[in-house]
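# Observations on chain architecture
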Amino acid sequence: CLDSNGELHEFGSSWRSADCNDCSCSRDGIACCSSFVTPVDYNKEKCISVFNKETCTYEVVEKDDHSKECPVRAWVG
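None of the values given here were measured: they were computed from a predicted structure. (Residues numbered from 1 in each chain as written. Predicted model: local features only at pLDDT ≥ 70, side-chain atom pairs only at ≥ 80, totals over all residues. Heavy atoms only, no water.)

### Brief notes about the pairing of strand E6 (residues 57–62)
- Looking at chain direction, strand E5 (residues 47–52) and E6 are connected through six bridges and run antiparallel. Its bridge partner lying in E6, Phe51 is registered against Tyr58.
- The turn linking E5 back onto E6 is made up of four residues, and Cys56 within it adopts a positive phi angle of 60°. (Pairing = 2+ DSSP bridges. Helix = DSSP H or I, 4+ residues; strand = E, 2+ residues; numbered from the N terminus.)

Right, dumping it as structure tokens:
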């Protein structure tokens, strides 16, 4: 399989892409899906979600103080 970056992958192989998708290669082609969940129910006036591309995770923190986490009531993935 040839991915969108021009990299070849063997049939039956799996990998995590640079944009945090979990991908696999079969004789039918490449299949990818998101490897992370996205926060959807939190106090958006007080907090922001920040994506960490190294860990492929979101963190929800206060806008004025990023050292304080905010509670999240629902995630979508």
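### Quick word on the sheet that holds strand E3 (residues 29–34)
- Judged by pairing direction, the sheet is antiparallel, and its three strands sit side by side in the order E1-E2-E3 without closing on themselves. Both edges of this open sheet fall to strand E1 (14–16) and E3, since each of them pairs with a single strand only. The sheet shows a mean angle of 20° between the axes of neighbouring strands, taken without regard to direction.
- In the sheet, strand E2 (residues 21–26) pairs with E3 via six bridges, with the strands oriented antiparallel. The residue bridging Cys25 from the neighbouring strand is Ile30, located in E3. (Axes fitted to C-alpha atoms, helices over the stretch in contact; angles between N-to-C directions.)

### Here we look at the state of the cysteines
- Tallying each qualifying case throughout the model produces four disulfides.
- Here Cys1 engages in a disulfide with Cys25; their sulfurs sit 2.0 Å apart. Residues Cys1 and Cys25 are joined through a disulfide that is right-handed, its torsion about the S-S bond being 80°. Linking Cys1 in the segment before E1 with Cys25 in strand E2, this pair joins segments that are 24 residues apart in sequence.
- Cys23 shares a disulfide with Cys32; S-S distance 2.1 Å. For the disulfide bridge between Cys23 and Cys32, the dihedral angle about the S-S bond is near 110°, and by the sign convention the bridge is right-handed. (Disulfide = S-S within 2.5 Å.)

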